[in-house]
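Working through the structure, step by step
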Amino acid sequence: TVENVARLQAHLAAVSASALQELQEYVLFPLRFALKVPGPKQERLVQSVVQCVSSVLAATCVKKRELLQELFSELCTCLSPPPGSGRPASLSEELKLAVIQALHTLMHSAYGDVILSLYQPSALPLLGFAVSLLLGLAEHEKAKQIKISALKCLQVLVLQCDCQEHRRLDEDEAQQCGDLFASFLPGISITLSRVITGDIKQGHKTTVSAIRLFYLIVGLVMADAQLARIPKNKEKLPAEQSRISELMVHRGPDWSKSTAEKLSLLLHKMVEFSSVHPHWKVRLELVELVHHLLRNCSQSLVDSFSHLLKALVGLVNDENSEVQSRCNEVLQGIAEQRIVAQNRALADVLSENLHSLATALPRLMNSQDDTGKVSTLSLFLGYLKLLGPKINIVLNSISHLHRLSKALMQVLELDVTDVKIVEDRRWGCESACRPSGSLQHGVQKGRCQKKYFRFFTEERVFQLLQQVCRVLGYYGNLYLLVDHFMGLYGESGTYRKQAAMVLNELIAGAAGVGVDVLQEREVSLNMDDLKGSVMSILDEYTDQANWYLITSIDTEEISREHSVQHSGLAARPGACSSVLLPSPELHVTTRTMNSNIWQICIQLEGVGCFAAVLGKEFRLLLLSALYPVLEKAGDKTLLISETALGTLVDICEACSYDSLQRLINENSDYLVNGISLNLRQLAHQPHASQVLDTMLRHSDASLLPLVEDVIQDVLSTLDQSYNNQASTFLGVLHSVMAALVQWFGSSCGEKHRQRQTAEWQSRTLSQGQQMVTRQEVERFFLDYVRQKQIAEGNLPDAGDEEADEIPPLAKLEPNDSATEGETSLPSHAQLAKDVMERCIHLLSDGNLRVRLKVLDVLELCVTVLHPHGNHLLPMAHRVWPALVTRLISDDPLAVLRAFKVLCTLAQKCGDFLRQRFSKDVLPKLTSSLLSQAPASARAGPVYNHTLAFKLQLAVLQGLGSLCEKLDMGESDLNKVADACLIYLSAKQPMKLQEAAQSVFLHLMHVDPDSTWLLLNEVCCPHQYEPPHTSLRPVKLSGMGRQRNEFTDNVLLLLERLQQRE
């Protein structure tokens, strides 16, 4: 009975293990007898007996082969179905579990060699019976625990237990077991594949156990080492075992081939299911499956590795970190053991996978979401890394290389629809005033320009594509790759940008820069090969057909680039594709310009990359590379100039120059030579001017002596061709003058200001002292009377006032020696004077663009000559008539620019211009302000964007400081005040009101009393009571007036005046 069995089990538990070992067979006999009794048995009783047997086996060892086989058979019989039913026995789950655990314990208690008696050909039927029972339970049972236990028991049965207690099999024993298990392989593999791809509700543990059992049994039966030792013919067994001989399988070549094909189908199905299983442990076990089979069956199962490696490489980017890291370990192990390198068949499988993926890549990149694209490219990259040094198998095949390169060309296609890239321009003045130290730091932050691609937006996708190209460069034949992609570069404008991107990355990969690989290459890099490839790519990039592309609709630029391309120098046949080199007659689209901008930027990035790769070796290539890059750094398109600056910084780092300035100065000899030569060729003049502009912007005063000759060349060429090339040369002169202002203007100006401040302070101090004594007051009044008489012409010397215009020259020249002044002029000031000479002639040029450029240059000349008054004033005298013409009768744009020049002149020349300004310019300015005021008062918000508004604003903003700097007389100040008063109206645009306020604030400095009176005439906030009754009351027009449009601004100004006092 159940109770008796339970009592027996309790007593046995108290017996020591050694005693129980002696009594093992006696104890087991009644229990075995209870199981063997024919007829139906109570399930609970069978379960108790099995559990009791299990407890005895757990405490003892089975040392007899017969006992092992009999116990094994008896336990299996407990699970067997009734004879002839063909269905599994309908037993309770508890009993099934107890029997499985008893079998598990029995296999563990078998002693050393005893267990091998189960694995003789004679025991094959018994083993087969057990295997089929356990497989049936694993597949059909609902209870998870039974499924898992059955699979674990099967694992022990095929001698692949996870525990370390079992004796390791030697080669012959393993071979024998392999022969036996081969008979069960079809049944086990098919059933397990069904379990693995079964309902997800069975839980991950079942799936994990099934996967493990699958790869362990397949890894044993299909092991390359075992199959290699199989004799050609099947061994003959003794006559009595002839029946068993029929059950045995001969693992010959035919059998292994057909089995591998069938297993390949099962593996494909399993891998597809498991690689996307939601539980990470299943995916981790899949990695182990690939690893185990690749290690043991890389030859026998070679056809299956197409699916297995795809799964392994795909799991590199798994969301779970453990799966990722294990995957990387396995890949690293494959590389280190050179499994692929030593197995040509496996390399062929990988290259076929690569070919089919490259074929599908453009379609997948077009249809998948970003996550799908990342996994597809990870797979692509993984194949390349696994191939490693065997990559040349792929590259040496024309169809493979063609498919691979075309896939990269299509996937890397840029989006060239953005208008902003074409619109963003670089204005010279911005960078001219940037301190040289901040440049390098600023450029390095955003080294590589962000590109926008047609088929993807995710940055990770681009990084994977970069890695693909770099791995190709690292392992592949560099000459072959460079030659192929250079062919694509020259073949079509459509592929040019992508081919350049790939070439840049190939070179980086070949040098091992930023490339992530699983194994070292077989042949180390030859620096001469790398340099040869770089030189051929550089020559192609800087070829005029690929370097001078139309990037803006500036008519000058289009004609300039066109003239360079057709100047007979670009004689490369087929290079001038219609997409990239349109003639000026054609309509140049934004897309074309955008495409050209990106092409130049990618080529510039390439130059930076080549410099980084070659290091100091790149110094030898500076002769051909530096000049074109400096050209692009002076380009008006912002994206190009920024990329070129980044490239220059890369060159500095690679060639060990500590700054951009040093790079330019140390190579200035050949740069200056290039500029001189190109200035003589009409087509190349604009580019030469860009190089000079960049050199000046990013160097310091030490460059001036080196470029002085070039600047003199520019001036002499300008003298000979005022009509044709004035605009280009003015660009050069603007760069020169902007550099001189940056280098010399601030320091000289600072000294001049300090001198002026000192004079002003001493004057105010002396004025303060004049108030102290009565005698001083008396002297002041006497001086005043004398000056008044002179003003009225009472004294005989009436010509003095006429002569007053020139004396400042004499004051500024203490030696009164013009020749000495000339010789003492520093070179930079002499240069500014020479340039100013040309500006005087060009101020009346018929072309508005030229006139505007001249005015800009003129303003800079004045700033440089400022400390040298004895030279500046005669030049100002000469420039005045032409400047007045620009101010009074020219295009509003020119008037605006001329007014700025006038403000600078007034600031630098002071009262020298007072009478001229008062007579020639002021009446025109005041009448213009008065006539425009009604229009601006009526205008809506759009008016703020008109040229008329900008002109009004500039005049109002500059007029106050002009009056102060020129120390204007009372009548002129009154004219200015009257003209600006109307702009204090609340009806005027706010910016004009603020500018008018600024005029009055300046007038307060010059003549506070008159300003106070004028403002009070408009609006007087206070009643002024006379301090004594004998004095008449003060009456001002503004008293008692109601609020009007002027009130707010006038009150604000009066308050400011009050605060000043």
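One can find the structure itself at the top, above this paragraph.
Residues numbered from 1 in each chain as written. Predicted model: local features only at pLDDT ≥ 70, side-chain atom pairs only at ≥ 80, totals over all residues. Heavy atoms only, no water.

1. Let's talk about the overall build of the protein
Filter applied, for reference: Elements are defined by DSSP. Helices are runs of H or I of four residues or more, strands are runs of E of two residues or more, and each kind is numbered from the N terminus. Per-residue accessibility, obtained with a 1.4 Å probe over protein chains only, is compared with the maximum for each type, and a residue is labelled buried under 20%, exposed over 50%, and partly exposed between these values. Any two residues whose heavy atoms approach within 4.5 Å at even a single point are treated as in contact. Here, Shrake-Rupley sampling with a 1.4 Å probe gives the accessible areas, and only protein chains in the shown set may cover a residue.
What the protein contains, in helices and strands, is 52 helices and 0 strands. Across the 1061 residues that make up the protein, the buried fraction comes to 52%. Considering only contacts in the protein between residues 6 or more positions apart, those separated by 24 or more positions represent 77%. Entry remark: accessible area of the protein is about 49,800 Å², with carbon and sulfur atoms responsible for 53%.

2. With respect to helix 43 (residues 827-842)
Filter applied, for reference: Each helix should span, by expectation, one fewer than its residue count multiplied by 1.5 Å.
Helix length check: helix 43, at 16 residues, gives a terminal C-alpha distance of 23 Å against a target of 22 Å (1.5 Å per residue), a fit within 8%. Among the 16 residues that make up helix 43, 12 are buried, leaving the element largely enclosed by the rest of the structure. The set of residues buried in helix 43 consists of H828, A829, L831, A832, K833, D834, V835, M836, R838, C839, I840 and L842.

3. Quick notes on the packing of aromatic side chains
Our working definition: Each Phe, Tyr or Trp ring (for Trp, its six-membered ring) is paired with any other whose centre lies within 6.5 Å, and the angle between the two planes then decides the class: stacked below 30 degrees, edge-to-face above 60, tilted in between. Both a distance and an angle decide whether a charge sits over a ring: NZ of Lys or CZ of Arg must be within 6 Å of the ring centre and within 35 degrees of the ring normal.
All chains considered together, the criterion is met by 10 aromatic pairs. On the basis of an interplanar angle of 85 degrees and a centroid distance of 5.8 Å, the ring pair of Y119 and F181 is categorised as edge-to-face. Here the residue Y119 occupies a position in the loop between helix 6 (93-109) and helix 7 (124-140), and F181 occupies one in helix 9 (residues 171-182), the gap between them amounting to 62 residues. Here Y119 matches F181 in class, with each residue buried. Where F780 meets F781, the ring centres are 5.4 Å apart and the plane angle is 70 degrees; that geometry is what we call edge-to-face. Here the basic side chain of R496 rests over the ring of Y489, its NZ or CZ set 5.5 Å away from the ring centre. One Lys or Arg, R521, reaches over the ring of Y474 and ends 4.1 Å from the middle of that ring.

4. Comments concerning the nonpolar core
Selection rule: We define the nonpolar core as a collection of buried residues of types Ala, Val, Leu, Ile, Met, Phe, Trp, Tyr and Cys that are connected through side-chain atoms lying within 4.5 Å of one another.
Counting residues in each nonpolar core, the largest one holds 336 residues, and the members touching the most others are L289, F618, F917 and L959. Of all the elements, helix 31 (residues 590-614) adds the most residues to this core, at 13 residues.

5. Focus: the packing of helix 21 (residues 398-411) against helix 27 (residues 493-510)
Let me state the cut-off plainly: Working convention: axes come from line fits to C-alpha atoms, limited for helices to the stretch in contact. Angles between N-to-C directions cover 0 to 180 degrees. In what follows, roughly perpendicular refers to angles from 65 to 115 degrees, roughly parallel to angles under 35, roughly antiparallel to angles over 145, and oblique to any angle outside these ranges. Helix crossings fall into two classes, left-handed where the near helix is turned counterclockwise from the far one by less than a right angle and right-handed where it is turned clockwise. In this classification, the charged set is Asp, Glu, Lys and Arg, the nonpolar set is Ala, Val, Leu, Ile, Met, Phe, Trp, Tyr, Cys and Pro, and all remaining amino acids, among them Gly, are polar.
Running from amino to carboxyl end, helix 21 crosses helix 27 at an angle of 110 degrees, the nearest separation of the two axes being 9 Å. If you check the angle between helix 21 and helix 27, you find them roughly perpendicular. Viewed along their axes, helix 21 and helix 27 form a crossing whose handedness is right-handed. Where helix 21 abuts helix 27, its residues K406, L408 and M409 lie against Y495, Q498, A499 and V502. When its residues are assigned to classes, the contact of helix 21 with helix 27 shows 5 nonpolar, 1 polar and 1 charged.

6. Things to note about the side chain of S533
Relative to the helices and strands, S533 resides in helix 28 (residues 527-541). For S533, the residues in contact, after removing those within four places along its chain, are L478, Y479, V482 and I507.

7. Observations concerning the environment of D856
Considering the arrangement of structural elements, one finds D856 in helix 44 (residues 848-865). Residues D856 and K900, 44 residues apart in the sequence, show an inter-C-alpha distance of 9.0 Å. In contact with D856, other than residues within four places in its own chain, are H734 and R897.

8. Describing the pattern of salt bridges
Rule in force here: Salt bridges are defined as contacts in which a side-chain nitrogen from Lys or Arg sits within 4 Å of a carboxyl oxygen from Asp or Glu.
A complete count under the given rule lists 27 salt bridges for this structure. A salt bridge links K64 to E25; the shortest N-O distance between them is 2.8 Å. Linking K64 in the loop between helix 4 (43-59) and helix 5 (65-79) with E25 in helix 3 (residues 24-36), this pair joins segments that are 39 residues apart in sequence. Residue K64 is classed as partly exposed on the basis of its relative accessible area of 42%. Judged by its relative accessible area of 37%, E25 is partly exposed. Here E139 ties to R194 by a salt bridge, and the two come within 2.6 Å at their closest N and O atoms. Of this pair, E139 sits in helix 7 while R194 sits in helix 10 (residues 185-196); the two residues are 55 residues apart in sequence, bridging distant segments of the chain. The partly exposed category is assigned to E139, whose relative accessible area is 24%. Through salt bridges with shared partners, a single network forms among R32, E70 and E74.

9. Points about the environment of A407
Residue placement: A407 occurs in helix 21. On the basis of relative accessibility, which here comes to 2%, the residue A407 falls in the buried class. Sequence spacing of A407 and L357 is 50 residues, and the spatial spacing of their C-alpha atoms is 9.3 Å. Ignoring sequence-local partners within four residues, the contact set of A407 consists of A358, L361 and P362.

10. A few points about a nonpolar patch on the surface
For clarity, the threshold we go by: Patch membership requires over 30% relative accessible area and the absence of a salt bridge. Like charges are linked within 9 Å, and nonpolar side chains (Val, Leu, Ile, Met, Phe, Trp, Tyr) within 5 Å.
Residues F29, F33 and V37 make up a contiguous nonpolar surface patch of about 310 Å² in total accessible area. Among the secondary structure elements, V37 is positioned in the loop between helix 3 and helix 4. V37 gets classed as partly exposed once you look at its relative accessible area, which sits at 34%.

11. Things to note about the packing of helix 27 against helix 28
Here helix 27 crosses helix 28 at 160 degrees, and the two axes come no closer than 11 Å. Relative to helix 28, the element helix 27 is oriented roughly antiparallel. Pair helix 27 / helix 28 crosses with left-handed handedness. Listed contacts from helix 28 to A500, L503, N504, I507 and A510 of helix 27 are L530, S533, V534, I537 and Y541. Class assignment of the residues belonging to the contact of helix 27 with helix 28 gives a composition of 8 nonpolar, 2 polar and no charged.

12. Here's the deal with unusual backbone geometry
In this structure, L159 is a non-glycine residue whose phi angle is positive, near 60 degrees. With respect to the secondary-structure elements, L159 resides in the loop between helix 8 (144-157) and helix 9. Residues other than glycine seldom take positive phi values, yet D967 does so here, at roughly 50 degrees.

13. Some points on the side chain of S918
We count it as follows: Each polar contact in these results corresponds to two N or O atoms within 3.5 Å; when the atoms are within protein, one needs to be able to donate a hydrogen and the other to accept it, and residues that are neighboring in sequence are counted only if both atoms are side-chain atoms.
Along the chain, S918 falls in helix 47 (residues 914-938). Given a relative accessible area of 17%, S918 falls into the buried group. For S918, the side chain forms a polar contact with the side chain of D972, separated by 2.6 Å. If we ignore the near neighbours within four places in the chain, the residues touching S918 are P923, M968 and D972.

14. Comments concerning helix 16 (residues 305-314)
With 7 of 10 residues buried, helix 16 lies mostly within the body of the structure. Those residues of helix 16 lying buried are F305, H307, L308, L309, A311, L312 and V313. On the buried face of helix 16, the contacting elements are helix 14 (253-274), helix 15 (280-296), helix 17 (321-336), helix 18 (344-367) and helix 19 (370-387).

15. Comments concerning the environment of S405
Inspection of the secondary structure puts S405 in helix 21. Taking the relative accessible area as the measure of exposure, S405 reaches 0% and is therefore buried. Along the primary structure S405 and L481 are separated by 76 residues, whereas in three dimensions their C-alpha atoms are 9.5 Å apart. Those residues in contact with S405 that lie beyond four places of it in its chain are H484, F485 and L488.

Take it as geometry only, folks, not as evidence of what the structure does.
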